[in-house]
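Single-letter residue listing:
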Amino acid sequence: MTDKEYMALAISLAQKTIGQTSPNPAVGAVVVKDGRIVGLGTHLKAGEPHAEVHALHMAGENAKGSTIYVTLEPCSHFGKTPPCANLIIEKQVKRCVIASVDSNPIVTNNGIARLKEAGIDVEVGLLKEEAEALNPYFNFYQIYKRPFVTLKTATSLDGKIATYSGDSKWITGKEAREDVHKYRHEHDAILVGVGTVLADDPSLTCRVPNGGINPIRIILDTSLRTPKTAKVVTDNEAPTWIIVGSGVLDEKKQEFEKLGVKVIIIKEPTISISELLKTLGENGIQSLFVEGGAKVNGSFLEAKAFQQVITYIAPKLIGGSNAPTSFAGTGFENIKGVPLLKVKSVEKIGDDIKIVSLPKER
Ligand SMILES: Nc1c(/N=C/[C@H](O)[C@H](O)[C@H](O)COP(=O)(O)O)[nH]c(=O)[nH]c1=O
Ligand SMILES: Nc1c(N[C@@H]2O[C@H](COP(=O)(O)O)[C@@H](O)[C@H]2O)[nH]c(=O)[nH]c1=O
Ligand SMILES: [Zn+2]
């Protein structure tokens, strides 16, 4: 097979682990000796061995004089695991083909330099775009130290998220709702406003066939109105963090902490999105799935604080000038001031349409 085919195999291995390796990136590795695949590996969980370690372990003696294809630059630092670059050198690998450079500042280019110093034949950039597309959340966080934000809305053809009476079950169909759970698995955290908690009492867990990883549930709740009886407080299915403003009294905070909820006070009377994202970044959240409701979506939109928008549109017409739409708040005064997006994909999903769009650099 060609170098490209081996690297594509490494990428496909990593693809299947997206969502389970955070805060580490998803990485795949393939070891080839004399035209035979002798080792395969992918990083499965943060703190466990890296992809190269698994692949070289499987290769055993055949690692000597082999070629290793890896989707990310081999690490060169002692994090929770020893450096992969050292292991590649120790196992006397002959050639190392790397798809993408590591965006983690403590790693970037050090691994490549160390391999070259040891006389290993290093090539960088094969299927670079495909490899970088494996870890958009990790890469964004390494650069900005705040979470990559995905906004998700589910509306009728006429842009409503509920009827004027507040009924919203269900607008989109089973397939679209299941697709949402894939994003819950992939993101570190899911965020809704207390309005959604009061209206839907959502569980915000990841319910995909064969199970998935539950995101941390983050509730934007300036004056701590979340009921103590809410599922997100009582179901013990996943961690729940409630973000409150500086006006919340300490003893009220402690009541929720006694129930196992983490309460984070933003030192402002109302929660600004930029302050929220800075705080979540400091708490290690690399990716945030914002599932509304309209008020929260509106505040993220006005702060222009999002990196991708997932829109599900159901072939239904709800009507009514009082029926809520997906973005509340003030909105923009002029068309020329609104954020521009680029449509990345449009697809049918069940009876609904799914559009993924990305902010356009102005
Ligand atoms: N009403 C609709 C949605 N409504 C989503 C709500 O905002 C809230 O996130 C859900 O009720 C979450 O519930 P749980 O976590 O599954 O228990 N979302 C959708 O994709 N389609 C709809 O029709
Ligand atoms: N997952 C992964 C890498 N991840 C890199 O190593 C860092 C985590 O190191 P540690 O704390 O030791 O697990 C992570 O931030 C990223 O820069 N590197 C690799 O060579 N192969 C792998 O499979
Ligand atoms: Zn490593």
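Residues numbered from 1 in each chain as written. Chains lettered and ligands numbered in written order. Predicted model: local features only at pLDDT ≥ 70, side-chain atom pairs only at ≥ 80, totals over all residues. Heavy atoms only, no water.

### What about the overall build of the protein?
Formally: By definition, any uninterrupted DSSP run of H or I lasting at least four residues is a helix, any uninterrupted run of E lasting at least two residues is a strand, and each is numbered from the N terminus. Here the globule rule is a power law, 2.2 Å times the number of residues to the power 0.38, and the radius of gyration is based on C-alpha atoms. Remark: exposure states derive from per-residue accessible area (1.4 Å probe, protein chains only) relative to the maximum for the residue type, with buried under 20%, exposed over 50%, and partly exposed in between. Note on contacts: a residue pair is in contact if any heavy atoms of the two residues lie within 4.5 Å.
In terms of regular secondary structure, the protein is built from twelve helices and 14 strands. Since a compact globule built from 362 residues should have a radius of gyration of about 21 Å, the 23 Å found for the protein is in line with a globular shape. Expressed along its principal axes, the backbone C-alpha trace of the protein runs to roughly 70 × 45 × 40 Å. Looking at the protein as a whole, 48% of its 362 residues qualify as buried. Long-range contacts, defined here as pairs at least 24 residues apart, represent 69% of the contacts in the protein between residues at least 6 apart.

### Thoughts on the coordination of the zinc ion (ligand 3)
The test is simple: Metal donors were taken as nitrogen, oxygen and sulfur atoms no farther than 2.8 Å from the ion, or 3.2 Å where the ion is Na, K or Ca. Water is excluded, so coordination may look unfinished. Under the classification used here, a metal with four donors is tetrahedral if each angle lies between 85 and 135 degrees, square planar if opposite donors are over 155 degrees apart and the others between 65 and 115, a six-donor metal meeting that same test is octahedral, and anything else is irregular.
The protein atoms donating to the zinc ion (ligand 3) are His-50 (ND1), Cys-75 (SG) and Cys-84 (SG), with metal-donor distances spanning 2.0 to 2.3 Å. For the zinc ion (ligand 3), the four donor atoms in the first shell make angles of 103 to 117° at the metal, a pattern classed as tetrahedral.

### Section: the site of ligand 1
For the record, the criterion: Nearness of a residue to a molecule or strand requires only that one of the residue's heavy atoms be within 4 Å of it. We call two N or O atoms a polar contact when they sit within 3.5 Å, provided that within protein one can donate a hydrogen and the other can accept it, with sequence-adjacent residues counted only if both atoms are side-chain atoms. The Shrake-Rupley method, run with a 1.4 Å probe, gives the accessible areas here. Residue values count only the displayed protein chains as cover. By the convention adopted, Pro, Cys, Tyr, Trp, Phe, Met, Ile, Leu, Val and Ala count as nonpolar, Lys, Arg, Asp and Glu as charged, and the other residues, Gly among them, as polar.
The local shell around ligand 1 holds 17 residues, among which Lys-152, Ile-171, Thr-172, Leu-204 and Arg-207 are the closest. Residue Glu-291 places a side-chain N or O atom 3.3 Å away from an oxygen atom belonging to ligand 1. In the complex, the protein chains occlude 89% of the 530 Å² of accessible area that ligand 1 would expose alone. Mapped by element, the contributors of at least two residues to the shell around ligand 1 are β6 (148-156), α7 (174-186) and α8 (194-200). The greatest single-element share of the shell around ligand 1, amounting to three residues, is contributed by α7. Tallied by class, the residues present in the shell around ligand 1 amount to six nonpolar, four polar and seven charged.

### Things to note about the packing of aromatic side chains
Definition in use: Two rings belonging to Phe, Tyr or Trp (six-membered ring only in the last case) form a pair when the distance between their centres is within 6.5 Å. Interplanar angles under 30 degrees mark stacking, angles over 60 mark edge-to-face geometry, and anything in between is tilted. Only lysine NZ and arginine CZ atoms are considered, and such an atom sits over a ring when it is within 6 Å of the ring centre and within 35 degrees of the ring normal.
With the rule as written, the count across this model stands at five aromatic pairs. Between Phe-140 and Phe-148 the ring centres are 5.8 Å apart and the planes differ by 85°, which places this aromatic pair in the edge-to-face class. Cluster of aromatic residues (ring-pair linked, three or more members): Tyr-137, Phe-140, Tyr-144 and Phe-148. Positioned above the aromatic ring of Trp-170, the side-chain terminus of Lys-169 is 4.7 Å from the ring centre. Stacked on the ring of Trp-241, the Lys or Arg Lys-262 has its end atom at 4.5 Å from the ring centre.

### A closer look at the UniProt feature "binding site: substrate" (unreviewed entry) in the protein
Note the cut-off: UniProt positions are given in the numbering used here, feature names are shortened, and annotations may be inferred rather than shown by experiment.
Mapped onto this structure's residue numbering, the UniProt feature "binding site: substrate" (unreviewed entry) falls at Ser-168, Arg-184, Leu-204, Arg-207 and Glu-291. If you trace the backbone, Arg-184 turns up in helix α7. For Arg-184, the contacting residues outside a window of four places in its chain are Ile-190, Leu-204, Thr-205, Cys-206, Arg-207, Ile-213, Pro-215, Phe-289 and Glu-291. Here Arg-207 shows up in the loop between α8 and β8 (216-220). Residue class for Arg-207 comes out partly exposed when judged on its relative accessible area of 49%. Setting aside anything within four residues of it in sequence, one finds Arg-207 in contact with His-181 and Arg-184.

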